[in-house]
Amino acid sequence: MTPDHPRWPEYEARFRELAFLADETSLADAPAMNECRYYLCLYGENGLSVDEEFAFLDAMESFAGKSLCKRSIQTGYWEDILLFVP
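To start, this report covers the structure provided alongside it. If you're wondering where the values come from, they're calculated on a predicted model, not measured in any experiment.

## Details of the sheet that holds strand E2 (residues 38-41)
And step 1. Read from one edge of the open sheet, four strands run E1-E3-E4-E2, paired in mixed fashion. Strand pairing shows two members of the sheet lacking a second neighbour, strand E1 (23-24) and E2, which therefore form its edges.
And step 2. Strand direction decides the pairing type here: strand E3 (residues 69-74) and strand E4 (residues 79-85), joined by six bridges, are antiparallel. Its bridge partner lying in E4, arginine 71 is registered against leucine 82.
And step 3. Strand contacts of helix H1 (residues 8-21): E1, E2, E3 and E4, with the helix running at about 65 degrees to E4, the strand carrying the most contacts.
And step 4. On the sheet, helix H2 (residues 50-61) packs against E2 and E4 and is oriented at approximately 120 degrees with respect to E2.

## What to know about H2
Each turn of an α-helix holds 3.6 residues, which means side chains three or four residues apart point in the same direction.
And step 1. The terminal C-alpha atoms of H2, which comprises twelve residues, lie 17 Å apart, in line with the 16 Å expected from a rise of 1.5 Å per residue.
And step 2. When we look at burial in H2, the residues that qualify are Val50, Glu53, Phe54, Leu57, Ala59 and Met60.
And step 3. In the core, the buried residues of H2 are packed alongside H1, E2 and E4.

## Quick look at H1
And step 1. A rise of 1.5 Å per residue sets the reference length of H1, with its 14 residues, at 20 Å; its end C-alpha atoms lie 20 Å apart and thus fit the reference within 8%.
And step 2. Listing the buried residues of H1 in full gives Trp8, Tyr11, Phe15, Leu18 and Ala19. End-on view of H1: buried residues confined to an arc of 105 degrees, all on one side of the axis. Every exposed residue of H1 that faces more than 90 degrees away from the buried side is listed here: Pro9, Glu17 and Phe20.
And step 3. Looking at the packing, one finds that the buried side of H1 touches E2, H2, E3 and E4.

Scoring rules and cut-offs
Residues numbered from 1 in each chain as written. Predicted model: local features only at pLDDT ≥ 70, side-chain atom pairs only at ≥ 80, totals over all residues. Heavy atoms only, no water. Pairing = 2+ DSSP bridges. Helix = DSSP H or I, 4+ residues; strand = E, 2+ residues; numbered from the N terminus. Contact = heavy atoms within 4.5 Å. Axes fitted to C-alpha atoms, helices over the stretch in contact; angles between N-to-C directions. Expected span 1.5 Å × (residues − 1). Buried < 20%, exposed > 50% of the residue type's maximum accessible area, 1.4 Å probe, protein only. Arc of directions from axis to C-beta.

Here's what the structure looks like:
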């Protein structure tokens, strides 16, 4: 989902709430994303419809406090957060 989508504020708020509950992992400890049960990035293209992105957030919520992880990705001009369930 892009920030110009009408549901972006709702998506961003839910994503950030889950990110707050997720365990931070290092890049070395993070599995390959195609091997994860679920993964979503905040700003990047997830290749999902809006409804699918919200469904993934719903599914990830059940892993909060258990195996929900996050990885912050930062460059000199760009930052993203990746949520995933290994």
